[in-house]
Amino acid sequence: MWKETIICVVIVIAIIVANVITQNYTVESVKYLSEELGELREDILNIENNENMETQIKEKIDKTVNDWEKRHDKLAYYIEHDELEKVETNLTGMKSFIESKEYADSLSELDKNIFILKHIEDKYAFNLQNIF
């Protein structure tokens, strides 16, 4: 009887610890990418005032895409691939709009991306609403 109880307690503790670790990584990833996209948004809005911003914006979007690809691999272990694919699709669309100098459309994709990231964070949060 005691062995089964100890095994159950260990399993529950392992699940809770794993959930805390994955939740922290998700929150960190969403926060980092949202901040990067926020800075990129400000740069895109200011591009009309400064023509030299184009190369800086292209470098920043490339860096953001590369950072996302690194985080995507770890997030794919425990987050639905459809959710991650939405972020990747919007990043690709945003990058192509920036390269073709269609900044209004890139802002639209950027805002969609931030919304999806917040949705992922909320969906996988460890709270009573998501448990039940």
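What you see is a predicted model, and the numbers here were worked out from it, not measured in a lab. (Residues numbered from 1 in each chain as written. Predicted model: local features only at pLDDT ≥ 70, side-chain atom pairs only at ≥ 80, totals over all residues. Heavy atoms only, no water.)

Participant: Sorry, what's going on with the overall build of the protein chain here?
Facilitator: Scanning the protein chain from terminus to terminus reveals 5 helices and 0 strands. Tracing the protein chain from N to C terminus, the helices and strands come up as α-α-α-α-α. Its C-alpha atoms give the protein chain a radius of gyration of 19 Å, more than 25% over the compact-globule value 14 Å for 132 residues. Considering only C-alpha atoms, the protein chain reaches an extent of 75 × 25 × 20 Å along its principal axes. A burial count over the protein chain gives 35% of its 132 residues as buried. Partitioning the intrachain contacts of the protein chain with sequence separation of at least 6 by distance along the chain shows that 70% fall at a separation of at least 24. In the structure as shown, the protein chain presents an accessible area of about 8700 Å², 59% of it carried by carbon and sulfur atoms. Each charge class in the protein chain can be summarised by its mean position, and for the 15 positive and 27 negative side chains these summaries are 4 Å apart. (Helix = DSSP H or I, 4+ residues; strand = E, 2+ residues; numbered from the N terminus. Rg over C-alpha atoms; globule rule 2.2 N^0.38 Å. Buried < 20%, exposed > 50% of the residue type's maximum accessible area, 1.4 Å probe, protein only. Contact = heavy atoms within 4.5 Å. Areas by Shrake-Rupley, 256 points an atom, 1.4 Å probe, with all protein chains shown as cover. Lys, Arg positive; Asp, Glu negative; His and termini not counted. Charge placed at Lys NZ, Arg CZ, Asp CG, Glu CD.)

Participant: Explain empty space enclosed by the protein here, please?
Facilitator: To locate leftover empty space, one rolls a probe as large as a water molecule over the atoms. Enumeration according to the criterion identifies 1 cavity of 30 Å³ or more in this entry. Considered as a void within the structure, the largest cavity measures approximately 40 Å³ in volume. Of the residues forming the lining of the largest cavity, the biggest block, 3 residues, is contributed by helix α1 (residues 2-45). Residues of the lining of the largest cavity, tallied by class, amount to 7 nonpolar, 2 polar and no charged. (1 Å grid on protein atoms, 1.4 Å probe; cavity = no way out; pocket = protein on both sides within 12 Å on 5 of 7 lines; lining within 4 Å. Points joined across faces, edges and corners; volume = space filled by probe spheres on them. Nonpolar A, V, L, I, M, F, W, Y, C, P; charged D, E, K, R; others polar.)

Participant: Please clarify how a nonpolar patch on the surface should be interpreted in this entry.
Facilitator: A cluster of nonpolar side chains, namely Met1, Trp2, Ile6 and Val10, defines an oily patch on the protein surface of about 550 Å² accessible area. With respect to the helices and strands, Trp2 occurs in helix α1. (Patch = residues over 30% accessible without salt bridge, like charges linked within 9 Å, V, L, I, M, F, W, Y side chains within 5 Å. Salt bridge = Lys/Arg side-chain N within 4 Å of Asp/Glu carboxyl O.)

Participant: What should I look at first to understand α1 in this one?
Facilitator: Working note: α-helix, 3.6 residues per turn, so residues spaced by three or four point in the same direction. Compared with the 64 Å implied by 1.5 Å per residue over 44 residues, the 64 Å span of α1 between its first and last C-alpha is a close match. All buried positions along α1 are accounted for by Gln23, Tyr25, Thr26, Ser29, Val30, Leu33, Ser34, Glu36, Leu37, Leu40, Asp43 and Ile44. On its buried face, α1 sits against α2 (53-75), α3 (81-99) and α4 (103-123). (Expected span 1.5 Å × (residues − 1).)

Participant: How do you make sense of the packing of α3 against α4 when you look at a structure like this?
Facilitator: A packed helix pair is summarised by two numbers, namely the angle formed by the two axes and the spacing between the axes. Packing of α3 against α4 brings their axes to within 8 Å, and their N-to-C directions diverge by 160°. Of the possible angle classes, the one that applies to α3 and α4 is roughly antiparallel. In this structure, α3 crosses over α4, and the sense of that crossing is left-handed. Contacts between α3 and α4 involve Glu83, Lys86, Val87, Asn90, Leu91, Gly93, Met94, Phe97 and Ile98 from the former and Tyr103, Asp105, Ser106, Glu109, Leu110, Lys112, Asn113, Ile116, Leu117, His119, Ile120 and Lys123 from the latter. Here the residues of the contact of α3 with α4 sort into 10 nonpolar, 5 polar and 6 charged. (Axes fitted to C-alpha atoms, helices over the stretch in contact; angles between N-to-C directions. Parallel < 35°, antiparallel > 145°, perpendicular 65-115°, else oblique. Left-handed = near helix turned anticlockwise from the far one by under 90°.)

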